[in-house]
Amino acid sequence: FEAVNRRVPIAGKRWVLGHLRTATAGQIRRIRDLGLVMSAHTNRYVYKEGHLVREQVGRERENEVAPRRSLVEAGVRIGLATDNVPTSLFWPVWEAVTRYNRYSDDAIAPEQALTREQALRCATIDGAHLTFEEGVKGSLEPGKYADLAILSDDPLTCADVALKDIVAVKTIVGGRIVYDRDRTDHVAS
């Protein structure tokens, strides 16, 4: 990114950095200074392989493993994503909040956990920012799309373990119900 930036400035272009395994404080500053944005996939480097990455870098450098909080606090916009199963966006929200690893008895770099509000921001308005769509989606404001979902649980207050299991009970797009879990015909478009 720095080599490209020396030839063709990329500031404001929102070049996307994805699958960030580890990053030092200096690398995070460089990411921020280049104006990069990030598509974060926590499934691999926290949930599946976090214990291995932590073992490779050492416990003294554990906070470099998928350093979501450090990135957010540095001002880097992160869009939570999944390119794996399960495809629900609440799975990466849960991973970002709990830093749970399926092979470890403890969280991976717990100081890098996002608050629920930070994780939901990454899943909504910051995701829209990555694609230059923050003016029309990502938050509930006058003039933006009226697309929303009624959820099975409250992501701000439910138990940590329940975050990953949240589903849409009803989905509204353009003011029309396009999905209703309670209907057997699942509302046609």
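In this report, the structure presented in the accompanying data block is examined.

What counts and what doesn't
- Per chain, residues are indexed from 1 in the order of the written sequence.
- Confidence filtering applies because this is a predicted model: local features only for residues at pLDDT of at least 70, side-chain atom pairs given and counted only at 80 or more, and all residues used for totals across whole chains, interfaces and linings.
- Each side-chain value is worked out from all heavy atoms of the structure, with water and hydrogens disregarded.
- Put simply, buried Ala, Val, Leu, Ile, Met, Phe, Trp, Tyr and Cys residues joined by side-chain atoms within 4.5 Å make one nonpolar core.
- Remark: exposure states derive from per-residue accessible area (1.4 Å probe, protein chains only) relative to the maximum for the residue type, with buried under 20%, exposed over 50%, and partly exposed in between.
- Under the DSSP-based scheme used, a helix requires at least four consecutive residues in state H or I and a strand at least two consecutive residues in state E, with every element numbered from the N terminus.
- Here, two residues are considered to be in contact whenever any of their heavy atoms come within 4.5 Å of each other.
- Any two rings among Phe, Tyr and Trp, with Trp reduced to its six-membered ring, count as a pair given centres within 6.5 Å; such a pair is stacked if its planes are under 30 degrees apart, edge-to-face if over 60, and tilted if neither.
- Two strands make a pair as long as DSSP finds a minimum of two bridges between them.
- To define axes, lines are fitted to C-alpha atoms, for helices over the stretch in contact only, and angles between the resulting N-to-C directions are given on a 0 to 180 degree scale.
- Crossings are classed by handedness, with left-handed meaning an anticlockwise turn of the near helix from the far one by less than a right angle and right-handed meaning a clockwise turn.
- In this classification, the charged set is Asp, Glu, Lys and Arg, the nonpolar set is Ala, Val, Leu, Ile, Met, Phe, Trp, Tyr, Cys and Pro, and all remaining amino acids, among them Gly, are polar.

## Some details on the nonpolar core
Then, in step 1: Among the nonpolar cores identified, the biggest contains 29 residues, and Leu71, Leu80 and Val93 are the most heavily contacted of them.
Then, in step 2: Of all elements in the fold, only α2 (25–33), β2 (37–40), β3 (78–80), α6 (90–98) and α7 (116–123) reach the threshold of two or more residues within this core.
Then, in step 3: Considering every element that reaches this core, the biggest residue donor is α6, with six residues.
Then, in step 4: Once residues lying within four places of it in the same chain are set aside, the contact partners of Leu80 are Ala40, Leu89, Pro92, Val93, Ala96, Ala119, Cys122 and Ala123.
Then, in step 5: Membership of the second largest hydrophobic core comes to eight residues, among which are Val46, Val53, Ala66 and Ile108.

## Quick notes on the environment of His19
Then, in step 1: Position of His19 relative to the elements: it lies in the loop between β1 (16–18) and α2.
Then, in step 2: Sequence separation of His19 and Lys48 is 29 residues, and the distance between their C-alpha atoms is 13 Å.
Then, in step 3: If we ignore the near neighbours within four places in the chain, the residues touching His19 are Ser39, His41, Tyr45 and Asp83.

## Examining the packing of aromatic side chains
Then, in step 1: Considering all chains together, one arrives at six aromatic pairs under this definition.
Then, in step 2: Relative to Tyr100, the ring of Tyr47 has its centre 6.1 Å away and its plane inclined at 35 degrees; by these criteria the two rings are tilted. With Tyr47 in helix α3 (residues 42–48) and Tyr100 in the loop between α6 and α7, the pair connects residues that are 53 residues apart, well separated along the chain.
Then, in step 3: On the accessibility criterion, Tyr47 (15% relative accessible area) is buried.
Then, in step 4: Tyr100 sits in the partly exposed class, given a relative accessible area of 38%.

## Observations regarding the sheet that holds β2
Then, in step 1: Ordered by their spatial adjacency, three strands build an open sheet running β1-β2-β3, and the pairing between neighbours is parallel. Each edge of the open sheet is held by one strand with a lone partner, namely β1 and β3. Strand-to-strand twist in this sheet, taken as the mean axis angle between neighbours without regard to direction, amounts to 25 degrees.
Then, in step 2: Where β1 meets β2, three bridges bridge the pair, whose relative direction is parallel. Paired with Gly18 across the two strands is Ser39, which belongs to β2.

## What to know about the packing of α6 against α7
Packed helices, taken two at a time, are described by the angle their axes make and the gap between the axes.
Then, in step 1: Running from N to C, α6 and α7 point in directions that differ by 145 degrees, and their axes come no closer than 9 Å. As α6 runs across α7, the sense of the crossing is right-handed. Together, Phe90, Val93, Ala96 and Val97 of α6 and Arg116, Ala119, Leu120 and Ala123 of α7 make up the contact between the two elements.
Then, in step 2: A per-class count over the contact of α6 with α7 returns seven nonpolar, no polar and one charged.

In short, shape yes, function no, at least from these values alone.
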